[in-house]
Amino acid sequence: MSKVKTGIGRRSFIKSVSFAGGGLLIGFNWLACKRPNEDGVEEMVLEMPEEWFEINGYLKIGDNGVVTIYSPNPEIGQNVKTSMPMIVAEELDVDWDMVVVEQAPLNTDIFTRQLAGGSQSIRQGWESLRTAGATARQMLLIAAANQLEADVADLTVDKGVISHKGSDRKLEYGEVAKAASQVAVPEEVELKDNNDFKIIGTSRKNVDGKKIVTGQPLYGLDVYKDGMLIAMVVQPPAFGMQFKSMNADEVKSMPGIVDVFTIDTYPEDMEKEWSDTAAFSKLAVVVGETTWQVMQAKKALNVEWELNPDLVKKMQILEKSAGMDGTSGLENTNIHATLMAETGARNSEVVRRDGDPEAEFKKASRIIERTYTCPFLAHNCLEPMNFFANVTEDKAELLGPIQTPEYAEKSVNKRLGFELEDIDIQMTRMGGGFGRRLYGHFLVEAAVISQKMGKPIKLVYSREDDMTNGVYRPAYHVTYRAALDENNNLTAFHVNAGGIPESPLFANRFPAGAVDNYLAESWSIDTNISVGAFRAPRSNFIAGAEQSFLDELAEEMGKDPIQFRLDMLKRAENDPVGEKNDYDPARYAGVLEMVREKSNWGKETSNVARGVSAYYCHNSYVAQILDMSVNGDQPVIHKVTCAVDCGIVVNPDAAKNMVEGGTVDGIGHAMYSQMTFKEGEPQHNNFDSYRLIRHPEAPKEIDVYFIENGIDPTGLGEPPFPPIMGALANALYKATGKRFYNQPFINELKSGVKVKG
Amino acid sequence: MAEFNITINGKEQTVDADPQTPLLWVLRDHLNLVGTKYGCGIAQCGACTVHFNGTAVRSCQLPISTAANNEIVTIEGLSEKGDHPVQKAWLEHDVPQCGYCQAGQIMTATALLKKNPNPSDKEIENAMYGNICRCGTYTRIKAAIKTAAKSEQS
Ligand code: FES
Ligand code: FES
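Residues numbered from 1 in each chain as written. Chains lettered and ligands numbered in written order. Predicted model: local features only at pLDDT ≥ 70, side-chain atom pairs only at ≥ 80, totals over all residues. Heavy atoms only, no water.

Going by an unreviewed UniProt entry, chain B carries the name (2Fe-2S)-binding protein and comes from Mangrovivirga halotolerans.

Chain A appears in an unreviewed UniProt entry as Molybdopterin-dependent oxidoreductase from Mangrovivirga halotolerans.

Right under this line is the structure:
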């Protein structure tokens, strides 16, 4: 048992929380209390209590023992709405079947870091969630001790039933909830030993599962309120362009259309938050009664766009410096490629240097050099961007899908001038996030539109609006070089990485620390295309590139690719080079060893091509082995074996689901997806031409294994995503005899690769 | 605008809408049935799948004028208590991540099992080709369909 002070975020544990039962919640209804029991089949219905008692900001207990736990963080499919309340319930010592989960609204008085990003919800919430549960438990025990006239030390709890040692007296949580809500918050509480966990480490079903499979309203797009109008925006067709004029009046008379106007979401003098990334500030807006009517009006709206002189000039100068004269300044994918290949590395900066890599490269008997690239990507959350806003004279109510409610609140404060306490932000379940909904311009747009209309509105992006709106994963480019001596020993390693508009380099990650002479360089090239974090930012490219290069290097050195990595990790563990290495070599090696064993590495069957990869990011370690074959020009993924070290696994089956999803997502994006540009215009605007992975292309089987080490949990939303791209590239090589350097790999596969016979 | 009679989940309804309005938006904007999702609007993602006289169709492509006077079943009407074997299998395998695509996946899967009660892996993959899951729950979807097929046979 460990003691923790409850002082951190103390206001969290103070009672009388005002938000409970707030009118805007998407509808806490009886279905919330119906869910499958643990075999997933039978349905269990909880009786609601007559009265609730707030024990602290995280939970309330009913007079009949039913517990409501508020899940603080936004749910984007990473399962925190189930796993975070599980952690509270564990320390509360309550029967999980008695728990009802509700999404908490933004409330910075109670919760810290209500953000979905960086795979940090569980890691950073671990202690506060446990403390919240343990504090409530302690208050219930104190109340029970008072009632029984006994010592707290003589009380034990099992599943919400308090028993007195030495007598057979028992009290249920529901019976002492009222008294507990009056108890002073303890200064210090005890947390459980890991060995005593009863809920953490057991698989619990998604708390929204039943609602999802029966089509109940859950998502932002499902919000319909009385008197609500639908709003859609019309944005410039190309990056580098801006609004000039439009035929608003003709469109206003169309059926169902209420108004047509422009907004300036982010006026120049507004102080922006980091999350206010938006390619286009001035937008045309159509407001009407129904979505279809607004969509028709959008089509009829004739907007004239013009070049934004500053933006195109900036690109013309940049392109000229690379020897391209007379360009339009609107961006093209082929110009991007030229810029990255020709000028990028010329301007690189050294980020880390160990030993004397330059000298070793000069002495080398062999140098292996390879370059890898990837395109821009759109996030393509299946639920397009949207938000509900009801801005009145004195209050801004906002409801919808947002990964960064706390920052969005600041943006609304700055844009509309409302005090923070007059801004109410509530989160719906989200139809995907992947980083896209970190950037809440759509929330601000909704607020501005609602204010202008003086009415509640729901802003809806069409798929086309969503896909062409920017905030893309940047395009990246990296060159690796390795110096080998006459005995085929690796003597120096050089990585030079860049992109538009940022570099994917992590200078202190493996193989830094494992090579005596190491050089890491970085560069970037400006763009008018807006970019943002995309599931495992930067890692989502550099992992695959690095792991492909190491594979090729191992082959050149005549080594088994797993053993090669393990040898390097041993070196990093026993005698690390440099001091800033930001990974734990032993944990890294642990997942590689596990995946080697679980996949029967080395005993592969002849018609299956295998590739391996391992990576560390967002505090977790993942190793993957991918088995595939190529049928004509069609890749067929038979199986992926994953070994994961994320410390304690809170909800094992859901964690497996997350690893499976990350694996499929990584294969999909590396193999099929890309966003290209012509004269600044995104060349794909819907799923007919933008390829996402589909059912037949997914692995036939995915096996997931977790390292059990009892270490405090780290995240899982991102770590399984980057490394699989390397395993895929390495397996493709085994299947075709050809190395794949440029994502999406399907392009090279289709352009006539001969399958190795 | 025109009036249309349409039977949704066994209930006759009258809707006043432009004849070209896709059933998807009639369901969502007019009838408050939001289980049917918008993902692409061009029949590429499957999020809007409903049953049209028992066949899985993309409601984003089905004008109300065509849907009228036919039998439509949406995710809300698939079973009375949410206990259709496919829904149960979905819960048993805890398929959803974000969950947004799942109504469409379930509607396509139930139509498949009606036609082909014991589909092979390949038949499942092909039947489900038009339903994108951005979160990548494909392996669980397949497993759930097989479980549902088994339970329906027994
Ligand atoms: S919304 Fe109909 S198929 Fe995508
Ligand atoms: S579960 Fe998120 S799109 Fe399928």
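(A) How the structure looks around the overall build of chain A. Within chain A one finds 18 helices and 31 strands. Relative to its length of 757 residues, chain A is compact, with a C-alpha radius of gyration of 28 Å against a globular reference of 27 Å. Based on the C-alpha atoms only, the size of chain A along its principal axes is roughly 85 × 70 × 45 Å. Taking all 757 residues of chain A together, the buried fraction comes to 64%. Relative to all contacts within chain A whose residues are 6 or more apart in sequence, the contacts with residues 24 or more apart total 76%. (Helix = DSSP H or I, 4+ residues; strand = E, 2+ residues; numbered from the N terminus. Rg over C-alpha atoms; globule rule 2.2 N^0.38 Å. Buried < 20%, exposed > 50% of the residue type's maximum accessible area, 1.4 Å probe, protein only. Contact = heavy atoms within 4.5 Å.)

(B) Spotlight on the packing of helix α14 (residues 561-574) of chain A against helix α15 (residues 585-598) of chain A. Residue and element names in this part refer to chain A. Between α14 and α15, whose axes approach to 9 Å, the crossing angle comes to 160°. The orientation of α14 relative to α15 falls into the category roughly antiparallel. Seen along the crossing, α14 lies across α15 with a hand that is left-handed. Contact residues: I562, Q563, R565, L566, L569, A572 and E573 in α14; P585, A586, Y588, A589, L592, E593 and R596 in α15. Tallied by class, the residues present in the contact of α14 with α15 amount to 9 nonpolar, 1 polar and 4 charged. (Axes fitted to C-alpha atoms, helices over the stretch in contact; angles between N-to-C directions. Parallel < 35°, antiparallel > 145°, perpendicular 65-115°, else oblique. Left-handed = near helix turned anticlockwise from the far one by under 90°. Nonpolar A, V, L, I, M, F, W, Y, C, P; charged D, E, K, R; others polar.)

(C) Representation of the UniProt feature "domain: Aldehyde oxidase/xanthine dehydrogenase a/b hammerhead" (unreviewed entry) in chain A. In this numbering, the UniProt entry assigns the feature "domain: Aldehyde oxidase/xanthine dehydrogenase a/b hammerhead" (unreviewed entry) to residues 214-309 of chain A. Annotated as 18% helix and 33% strand, the span residues 214-309 of chain A places its first and last C-alpha atoms 51 Å apart. (UniProt positions renumbered as here; feature names shortened; annotations may be inferred.)

(D) Broad picture of unusual backbone geometry. A cis amide bond, omega 5°, links F510(A) with the succeeding residue P511(A). Structurally, P511(A) can be placed in the loop between β24 (490-500) and β25 (517-524). For the peptide bond that leads from Q743(A) to P744(A), omega is -5°, which places it in the cis range. With respect to the helices and strands, P744(A) occurs in the loop between α17 (723-736) and α18 (745-750). Located in the positive-phi region is A536(A), a residue other than glycine, with phi close to 55°. Mapped onto the secondary structure, A536(A) falls in the loop between β25 and α13 (539-556). Look at A536(A) and you get buried, because its relative accessible area is 0%. Phi at N32(B) takes a positive value of approximately 60°, unusual for a residue other than glycine. One can find N32(B) in the loop between α1 (23-30) and β3 (49-52).

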